[in-house]
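Close look at the chain arrangement
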Amino acid sequence: QQCLFLGAVLLFATAAQSRCFTQTGQSAKPNQGAAKQAPTDAPDPDEQAIRGYVLTMEKVQKYVNASGTLRDAAQKDPALSEQLNRIGDFEGTDRERIALIASSSHVYPVLKATGITARDFVMIPTVIMTAGFALQAQEQQQPTPPFVNPANIKFVRTHKKDLQDMGFMESPPEEKKDETQ
């Protein structure tokens, strides 16, 4: 159940990831959000934030704890559930999403009580996903996007099993078979 909630919360990170990979030519969704993109010679603020963010297991665990607390609270509070849905459906930049969460009268107090910032709540899944995709690219001898911090690729490689167990990444098919036997 926790993995399902993490998956739902990660949906908003997918939008950020697909925007970033579109700009590097690795997405199958060309021109998505083109009207909001900065001029090509200006650095993308979301990409800069992704590159500058460094993952730690402490941060990831805070995210998992906050997600569980939000999941439990949303089951009892329709207003919180509605705000989470609105945040999940939001199609703006990461900075705009962070501001939306920080201004949320129901979501932000729950995050604050669990000790995680709105920035961390947005950046952790986004950075894990982009580093995971970059790790896959490396494993296939493909170039990695320049906005992905090499330290985060190493973090995902080192903590891949933990991240799979937490629901951030899927286990490879051969590992799934072994678990069911």
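I will try to describe carefully the structure that is included in this document. (Residues numbered from 1 in each chain as written. Predicted model: local features only at pLDDT ≥ 70, side-chain atom pairs only at ≥ 80, totals over all residues. Heavy atoms only, no water.)

Here we come to helix H4 (residues 78-89). In this model H4 runs 16 Å from its N-terminal to its C-terminal C-alpha over 12 residues, within 8% of the 16 Å that 1.5 Å per residue would give. Within H4 the residues assigned to the buried category are Leu80, Gln83, Leu84 and Ile87. For H4, the arc enclosing every buried residue in end-on projection is 100°, short of the 170-degree limit, so these residues lie on one face. Residues of H4 that are exposed and angled more than 90 degrees away from the buried face: Pro78 and Asp89. Sitting at the amino-terminal end of H4 is Asp77, which places a side-chain oxygen 3.0 Å from the backbone nitrogen of Ala79. (Helix = DSSP H or I, 4+ residues; strand = E, 2+ residues; numbered from the N terminus. Expected span 1.5 Å × (residues − 1). Buried < 20%, exposed > 50% of the residue type's maximum accessible area, 1.4 Å probe, protein only. Arc of directions from axis to C-beta. Polar contact = N/O pair within 3.5 Å; in protein donor to acceptor, adjacent residues only side chain to side chain.)

The subject of this paragraph is the pattern of salt bridges. Side chains carrying opposite charge are able to pair once their charged atoms draw close together. Following the criterion strictly, the structure yields three salt bridges and no others. We note a salt bridge from Lys160 to Glu139, for which the minimum N-O separation is 3.8 Å. In this pair, Lys160 is assigned in helix H9 (residues 160-165) and Glu139 in helix H7 (residues 118-139), connecting sequence segments 21 residues apart. We note a salt bridge from Asp165 to Lys161, for which the minimum N-O separation is 3.0 Å. Note that Asp165 and Lys161 are positioned in helix H9 at a spacing of four residues, about one turn of the helix. The partly exposed category is assigned to Asp165, whose relative accessible area is 48%. (Salt bridge = Lys/Arg side-chain N within 4 Å of Asp/Glu carboxyl O.)

Once that is clear, we can look at the environment of Met169. Inspection of the secondary structure puts Met169 in the loop between H9 and helix H10 (173-180). Looking at Met169, the relative accessible area reads 18%, which means it is buried. Not counting chain neighbours up to four residues away, the residues in contact with Met169 comprise Val156, Lys160, Leu163 and Gln164. (Contact = heavy atoms within 4.5 Å.)

Let's shift gears to the packing of aromatic side chains. All chains considered together, the criterion is met by two aromatic pairs. Residues Tyr63 and Phe168 carry aromatic rings whose centres are separated by 5.5 Å and whose planes lie at 45° to one another, so their mutual orientation is tilted. Residue Tyr63 is found in helix H3 (residues 57-76), and its partner Phe168 is found in the loop between H9 and H10; the two are separated by 105 residues along the sequence. Its relative accessible area of 9% is what places Phe168 among the buried residues. Taken together, the ring pairs in this structure connect Tyr63, Phe121 and Phe168 into an aromatic cluster. Lys59 extends its terminal NZ or CZ atom over the ring of Tyr53, reaching a point 4.3 Å from the ring centre. (Phe/Tyr/Trp six-rings, centres within 6.5 Å; stacked < 30°, edge-to-face > 60°. Lys NZ or Arg CZ within 6 Å of the ring centre and 35° of its normal.)

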